[in-house]
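# Structural features, examined
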Amino acid sequence: NIPDFDSLPPVKDMPQGCAWGVFDKDGKKDHLGCLNLLTPKVVQSAFKEARDGISISLNWPIGAINKPGFARKGLEHKVISFQEGPFGLWGFDDELEFNTQCSSQWDSLVHFAHQPTGLSYNGVQPTREALVQSFGQVDVDKALPTLNHWHDRGGLVGRGVLLDYRAYAEAKGIAYDCFDSHAITVQTLEDVARHQGTEFKFGDILIVRTGFTEDLGGASAEDQERMLGTHKAVGLKGNKETARWIWNHHFAAVAGDAIAFEVLPPVIEEEGDRTGTIAELVLHQYFLSLFGLNIGELWDLKALSAHCKNVGRYEFLLTSVPLNVPGGIGSPPNALAIF
Ligand code: UVW
């Protein structure tokens, strides 16, 4: 009973495809978006994919990029020795400082607003002040749709489906550069699914592999800087057709190994394929702000790809819990694929 993209009830001053209100219940504003599709029945069915006793981590090291993109702070890792402190013990702690989106990450629904209005999922206005006030806030009714709320529902557990675009491209002789504007269309996603023998189910978590983290991870710090400095990246084509396809498949979340999931820079088709700016990212606005669909980026999909190829199966149980930081805007995903 989830309306399709073109049947979503119109929301005043917002484009078609705005799902605000769809997941509201008992007069309460929802702040989990498409994670609501992971009902106990959907999750029970996902457990059928975990039958081989093998789990694969999808998390790139937090410090994998020396100078992360979008001028984000990379990892600073300090060791605290108790021996030097007042206790004189043999023992250690460590302290981390990093931008939560410097490596594998989830984007929360407040990460990127609908730019013309500044509104995020379900019409909330996440100003910097409101976000700071939401730190430590326990009143769920007033809360912004930040990642800590995933903990209220037991994190994310569902059926993950890998679309291995990189493997498909290699098989078909399609050459591309991950650090150039190579757009993956809806038609190609369907071709990859057919090539793999993959069928989607309601509430799946879609994972798209492009090879971005593999190419970046294997490069020197200098080369990484040059690759990210192009501000161009492989990703899903950012247009209404892709948004409609994603919504109509009723995915609970989407993730991939590329830096923005969608192609960079955006192309604004309505204006004769004008090259857009980062502020005009098309799918970020549809997914995070209009649909309530979390986006995962920079996931490490190399081992997953190899295993899927080996067993000839691209479906698995996916588990993920972000950091439980009240008011958290982004987070490492702590994601596992379980076969
Ligand atoms: C931006 O939206 C700027 O970043 P990301 O692709 O990491 O979500």
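A quick note: this is a predicted structure, and the numbers were derived from the prediction, not measured.

Calculation criteria
Residues numbered from 1 in each chain as written. Predicted model: local features only at pLDDT ≥ 70, side-chain atom pairs only at ≥ 80, totals over all residues. Heavy atoms only, no water. Buried < 20%, exposed > 50% of the residue type's maximum accessible area, 1.4 Å probe, protein only. Helix = DSSP H or I, 4+ residues; strand = E, 2+ residues; numbered from the N terminus. Pairing = 2+ DSSP bridges. Contact = heavy atoms within 4.5 Å. Axes fitted to C-alpha atoms, helices over the stretch in contact; angles between N-to-C directions. Salt bridge = Lys/Arg side-chain N within 4 Å of Asp/Glu carboxyl O. Near = heavy atom within 4 Å. Polar contact = N/O pair within 3.5 Å; in protein donor to acceptor, adjacent residues only side chain to side chain. Areas by Shrake-Rupley, 256 points an atom, 1.4 Å probe, with all protein chains shown as cover. Nonpolar A, V, L, I, M, F, W, Y, C, P; charged D, E, K, R; others polar. Lys, Arg positive; Asp, Glu negative; His and termini not counted. Arc of directions from axis to C-beta. Patch = residues over 30% accessible without salt bridge, like charges linked within 9 Å, V, L, I, M, F, W, Y side chains within 5 Å. Core = buried A, V, L, I, M, F, W, Y, C linked by side-chain atoms within 4.5 Å.

## Quick look at the pairing of strand β7 (residues 205–209)
- Here β7 lies mainly inside the structure; five of its five residues are buried.
- Alternating positions in β7 separate into two faces, Ile205, Ile207 and Arg209 on one and Leu206 and Val208 on the other, with burial throughout.
- Strand direction decides the pairing type here: strand β5 (residues 156–164) and β7, joined by five bridges, are parallel. The partner of aspartate 164 across the bridge, within β7, is arginine 209.
- As judged from the four bridges shared by β7 and strand β9 (residues 253–256), these two strands associate in the parallel manner. Among the inter-strand pairings, valine 208 is bridged to a residue of β9, identified as glycine 256.

## Looking at the pairing of strand β13 (residues 315–320)
- For β13, a buried count of six out of six residues is recorded, marking the element as mostly surrounded by other parts of the structure.
- Where β5 meets β13, six bridges bridge the pair, whose relative direction is antiparallel. Along β13, the bridge assignment pairs valine 157 with threonine 319.
- Bridge count between β13 and strand β15 (residues 335–338): four bridges; the pairing is antiparallel. Its bridge partner lying in β15, serine 320 is registered against alanine 335.

## Notes on the sheet that holds strand β12 (residues 295–297)
- Ordered by their spatial adjacency, nine strands build an open sheet running β1-β15-β13-β5-β7-β9-β12-β4-β14, and the pairing between neighbours is mixed. Edge positions in the sheet fall to β1 (55–57) and β14 (330–331), since each of these pairs with one other strand and no more.
- The sheet contacts of helix α9 (residues 302–311) involve β1, β5, β7, β13 and β15, and relative to β5 the element is tilted by about 75°.

## Quick notes on the pattern of salt bridges
- Following the criterion strictly, the structure yields 19 salt bridges and no others.
- Between aspartate 191 and arginine 194 there is a salt bridge, with its nearest N and O atoms 3.2 Å apart. Taken together, the residues span about one helical turn, with aspartate 191 and arginine 194 both in helix α4 (residues 186–196) at a distance of three residues.
- Judged by relative accessible area, arginine 194 falls into the exposed class, the value being 57%.
- One network of salt bridges, with partners in common, ties together Glu49, Arg51, Asp52, Arg159, Asp204 and Arg313.

## Description of the environment of glutamate 214
- Relative to the helices and strands, glutamate 214 resides in helix α5 (residues 212–217).
- Sequence separation of glutamate 214 and alanine 258 is 44 residues, and the distance between their C-alpha atoms is 9.8 Å.

## Some words on the site of the ligand
- Neighbouring residues of the ligand: Phe70, Arg72, Gln101, Gln105, Asp107, His111, Phe112, Ile259, Ala260, Leu281, His284 and Glu297.
- Glutamine 105 has a polar side-chain atom sitting 3.3 Å from an oxygen atom of the ligand.
- Protein contacts shield 94% of the accessible area of the ligand, which totals 260 Å² for the unbound molecule.
- Taken together, the residues of the shell around the ligand sort by class into five nonpolar, four polar and three charged.

## Observations regarding the side chain of aspartate 257
- Mapped onto the elements, aspartate 257 comes out in the loop between β9 and β10 (267–268).
- For the buried aspartate 257, no salt bridge is present, and the opposite-charge side chain at shortest range is arginine 209, 4.8 Å distant.
- A polar atom in the side chain of aspartate 257 sits 2.7 Å from the backbone nitrogen of glycine 211.
- Within polar-contact distance, the side chain of aspartate 257 engages the backbone nitrogen of phenylalanine 212 at 3.5 Å.

## With respect to helix α8 (residues 282–291)
- Summarising burial for α8: ten of the ten residues are buried, a large majority.
- Among the residues of α8, those classed as buried are Val282, Leu283, His284, Gln285, Tyr286, Phe287, Leu288, Ser289, Leu290 and Phe291.
- The elements touched by buried residues of α8 are β4 (105–107), β8 (235–236), α7 (240–248), β9, β10 and β12.
- One or two residues past the end of α8 sits glycine 292, with phi positive at roughly 80°.

## Points about helix α6 (residues 221–229)
- Residues Gln224, Met227 and Leu228 constitute the buried set of α6. Considered in projection along α6, the buried side chains sweep an arc of 90° and stay on one side of the axis. Residues of α6 that are exposed and point more than 90 degrees away from the buried face comprise Glu222 and Arg226.
- For α6, the elements touching its buried residues are α5.
- Positive phi appears at histidine 231, one or two residues downstream of α6, with a value of about 50°.

## Regarding a nonpolar patch on the surface
- A cluster of nonpolar side chains, Val79, Trp90 and Phe92, forms an exposed patch at the surface whose accessible area comes to about 440 Å².
- Its place among the elements puts valine 79 in strand β2 (residues 76–81).

## Regarding the nonpolar core
- Core analysis: the largest hydrophobic core is formed by 89 residues, its most contacted members being Phe212, Phe287 and Leu304.
- Of the residues forming this core, the biggest block, seven residues, is contributed by α8.
- In this structure leucine 304 touches Ile56, Leu58, Leu162, Phe316, Ala337 and Phe339, once residues within four positions along its chain are discounted.

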